[in-house]
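Now for the letters of each chain:
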Amino acid sequence: MSLGVVPEVVVLGFSPQPLVAVLSLSGRVDYVVTSPEVVLGNVSAARFSHRILGIYKSRIGEVIEAPMAPTQSIPPLVVLEKLGKAFSKVKNRVVDISGGTQLAAIAAVKSGIEKLTYTYPNGEKLVIYPITTVEKQ
């Protein structure tokens, strides 16, 4: 199996599968961008991702916390701004966006991330699909 593009950064939402998949291929990730709910583990939907962060702590370089979705007190534009700041730390890296919200993907592109991946099962195996955000001319 050819690995192709392997992410160095994983956007981790409430489902831990993308992070586990990338770690199973590469053994390590430089950064995980995730929500306060996952970092704290204080929401039942985030408990599995929170647990995976603890289990694989030694294989993760740094966890960057940023909101992934709007709340009553955080509108979408503020979420985009905070995620943009998070992604500014990981410039020139390959970012897997499959675990994040739509706002995470938008923020990654707006912040200049040029190489994205999307991890998804195709029915027979898990595939990391490369996405380039800058057209070659």
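Higher on the page you've got the structure.
Residues numbered from 1 in each chain as written. Predicted model: local features only at pLDDT ≥ 70, side-chain atom pairs only at ≥ 80, totals over all residues. Heavy atoms only, no water.

Caption draft 1: A look at the overall build of the protein. Along the protein, the regular secondary structure elements total five helices and six strands. Relative to the compact-globule value of 14 Å for 137 residues, the protein shows a C-alpha radius of gyration of 14 Å, a close match. With the C-alpha coordinates aligned to their principal axes, the bounding extent of the protein is approximately 45 × 40 × 30 Å. In the protein, which comprises 137 residues, the share counted as buried stands at 38%. The long-range fraction of contacts in the protein, counting pairs at least 24 apart against all pairs at least 6 apart in sequence, stands at 51%. In the form shown here, the protein has an accessible surface area of approximately 7900 Å², with 54% of it arising from carbon and sulfur atoms. With 14 positive and 10 negative side-chain charges, the protein shows a spacing of 4 Å between the two charge centroids. (Helix = DSSP H or I, 4+ residues; strand = E, 2+ residues; numbered from the N terminus. Rg over C-alpha atoms; globule rule 2.2 N^0.38 Å. Buried < 20%, exposed > 50% of the residue type's maximum accessible area, 1.4 Å probe, protein only. Contact = heavy atoms within 4.5 Å. Areas by Shrake-Rupley, 256 points an atom, 1.4 Å probe, with all protein chains shown as cover. Lys, Arg positive; Asp, Glu negative; His and termini not counted. Charge placed at Lys NZ, Arg CZ, Asp CG, Glu CD.)

Caption draft 2: Spotlight on the side chain of Ser49. Structurally, the position occupied by Ser49 is in helix α3 (residues 47–55). Accessibility expressed as a relative area gives 0% for Ser49, which makes it buried. Apart from the residues within four sequence positions on either side, Ser49 is in contact with Leu12, Gly13, Phe14, Ser15, Pro16 and Val38.

Caption draft 3: Local environment of helix α5 (residues 102–110). All of the buried residues along α5 are Leu103, Ala104, Ala107 and Ala108. For α5, the buried positions fall inside an angular range of 140 degrees around the axis, keeping them on one side. Exposed and oriented more than 90 degrees from the buried face of α5 are Gln102 and Lys110. One or two residues past the end of α5 sits Gly112, with phi positive at roughly 95 degrees. (Arc of directions from axis to C-beta.)

Caption draft 4: Representation of the sheet that holds strand β3 (residues 60–65). Here six strands make up an open sheet; going across it, the order is β3-β2-β1-β4-β5-β6 and the pairing mixed. Both edges of this open sheet fall to β3 and β6 (126–132), since each of them pairs with a single strand only. Strand-to-strand twist of the sheet, defined as the mean angle between neighbouring strand axes without regard to direction, takes the value 25 degrees. The sheet contact formed by strand β4 (residues 94–96) and strand β5 (residues 115–121) spans three bridges and is parallel. Each bridged residue has a counterpart across the sheet, and for Asp96 the counterpart in β5 is Thr117. (Pairing = 2+ DSSP bridges. Axes fitted to C-alpha atoms, helices over the stretch in contact; angles between N-to-C directions.)

Caption draft 5: Looking closely at the pairing of β6. For β5 and β6, the ladder comprises seven bridges, and the chain directions are antiparallel. Each bridged residue has a counterpart across the sheet, and for Lys115 the counterpart in β6 is Thr132. The hairpin formed by β5 and β6 contains four residues between the paired strands, and Gly123 there has a positive phi angle of roughly 110 degrees.

Everything listed here is a matter of coordinates, which is why it stays silent on function.
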